[in-house]
Amino acid sequence: MSKNKIVIANWKMKLTLAESKKLAQDVKEKFTNFSEDEVVICPNFLSICEVNNIIQGSTIGLGAQDVFWEELGAYSGEVSASMLKEAGCKYVIIGHSERRKFLMENYEMIHKELKAVLAVENMVPIVCIGENWDERKTDRRDYVLFEQLQQALTGIEVKDNQEIIVAYEPIWAIGSGTAIEPAEADYAHKIIRLTLNDMFGEDVVENNFKIIYGGSINKDNVVGFNGLDNIDGLLVGGASLNPDEFLHVANKILKK
Ligand code: 13P
């Protein structure tokens, strides 16, 4: 598949501002050999502006880990898509399973967040979906993926040059230290692609969507995720906090 791949770091709430700045500096120094936005980093809200300053002049893309669905107003504690863009972000993670679990984000909220991001020119949503262990164990994965895609994306209009990233993150693999088997991820991605084909048509999915995998990717298992037809990149948590390990992961996926 000729689609350009992408490797995205989700730093979660694991770094202080000072640590985020240090890691951004390290990433800028080490990731000198990649094209524009092949590698994206998503710091916490507080660190975004400083990290944006640090990565100026590099090809590293910047993303946020969450967004609110309204544009402006009395919504204490929230940040809108256009504010994120102003701070330097092009990418926004939406509906991460940790937010679904700890912040009670539901389908309606995720759908509204997606619409808000798509309303801002040149912003790219990264919509997270994935089954939990109970759903996997009882063979309900495909249904869950179908349902989550329908709930997030139904009624969305995809403009010609709009990019949308769907991140398949099986909840039981996140932070577990063990990624799922690459062949299983490839199969789940195929289900996702077929579902999207049904919703938007094959051409739109081919041109506008990327489907990436996340869940315990590290330097030892990444090699298995390279060269699979249905995997357009990775969303990396823990392993992205070590710049050398993250560079190894990015090289394995993005370099021939
Ligand atoms: P880990 O790579 O730490 O399992 O996290 C994956 C993830 O949730 C990325 O969004």
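Residues numbered from 1 in each chain as written. Predicted model: local features only at pLDDT ≥ 70, side-chain atom pairs only at ≥ 80, totals over all residues. Heavy atoms only, no water.

*Asks:* Sorry, what's going on with the overall build of the chain here?
*Replies:* What the chain contains, in helices and strands, is ten helices and eight strands. In terms of overall size, the chain behaves like a compact globule, its C-alpha atoms giving a radius of gyration of 17 Å where 256 residues would be expected to give roughly 18 Å. Overall, the C-alpha framework of the chain stretches about 45 × 45 × 35 Å when taken along its three principal axes. By residue count, 54% of the 256 residues in the chain fall in the buried class. A separation of at least 24 residues holds for 72% of the contacts in the chain among residues at least 6 apart in sequence. A total of about 12000 Å² of accessible surface is found on the chain, and carbon and sulfur atoms cover 49% of it. Positive and negative side-chain charges of the chain, numbering 27 and 39 respectively, have mean locations separated by a distance of 4 Å. (Helix = DSSP H or I, 4+ residues; strand = E, 2+ residues; numbered from the N terminus. Rg over C-alpha atoms; globule rule 2.2 N^0.38 Å. Buried < 20%, exposed > 50% of the residue type's maximum accessible area, 1.4 Å probe, protein only. Contact = heavy atoms within 4.5 Å. Areas by Shrake-Rupley, 256 points an atom, 1.4 Å probe, with all protein chains shown as cover. Lys, Arg positive; Asp, Glu negative; His and termini not counted. Charge placed at Lys NZ, Arg CZ, Asp CG, Glu CD.)

*Asks:* Teacher, can you tell me more about the site of the ligand here?
*Replies:* By nearness alone, every residue bordering the ligand is listed as Asn10, Lys12, His96, Glu169, Ile174, Gly175, Gly215, Ser216, Leu235, Gly237 and Gly238. Here an oxygen atom of the ligand sits 3.0 Å away from a polar atom, N or O, in the side chain of Asn10. At a separation of 2.9 Å, an oxygen atom of the ligand approaches a polar backbone atom of Gly237. Residues of the shell around the ligand, tallied by class, amount to two nonpolar, seven polar and two charged. (Near = heavy atom within 4 Å. Polar contact = N/O pair within 3.5 Å; in protein donor to acceptor, adjacent residues only side chain to side chain. Nonpolar A, V, L, I, M, F, W, Y, C, P; charged D, E, K, R; others polar.)

*Asks:* Just checking my understanding: could you explain the environment of Leu72 for this structure?
*Replies:* For Leu72, the position within the fold is in the loop between strand 3 (61–64) and helix 3 (81–86). Overall, Leu72 belongs to the exposed group, its relative accessible area being 67%. Remark: the alpha-carbon pair of Leu72 and Gln150, spanning 78 residues in sequence, is separated by 27 Å.

*Asks:* Please clarify how the packing of helix 7 (residues 141–153) against helix 8 (residues 182–200) should be interpreted in this entry.
*Replies:* Pairs of packed helices are described in terms of their axes, by the angle between the two and the distance that separates them. It is the contact of helix 7 with helix 8, at a shortest axis distance of 10 Å, that shows an interaxial angle of 40 degrees. Taken together, the axes of helix 7 and helix 8 are oblique relative to one another. Pair helix 7 / helix 8 crosses with right-handed handedness. Facing helix 7, whose interface residues are Arg141, Asp142, Leu145, Phe146, Leu149, Gln150 and Leu153, helix 8 presents Glu184, Tyr187, Ala188, Ile191, Ile192, Thr195, Leu196, Met199 and Phe200. (Axes fitted to C-alpha atoms, helices over the stretch in contact; angles between N-to-C directions. Parallel < 35°, antiparallel > 145°, perpendicular 65-115°, else oblique. Left-handed = near helix turned anticlockwise from the far one by under 90°.)

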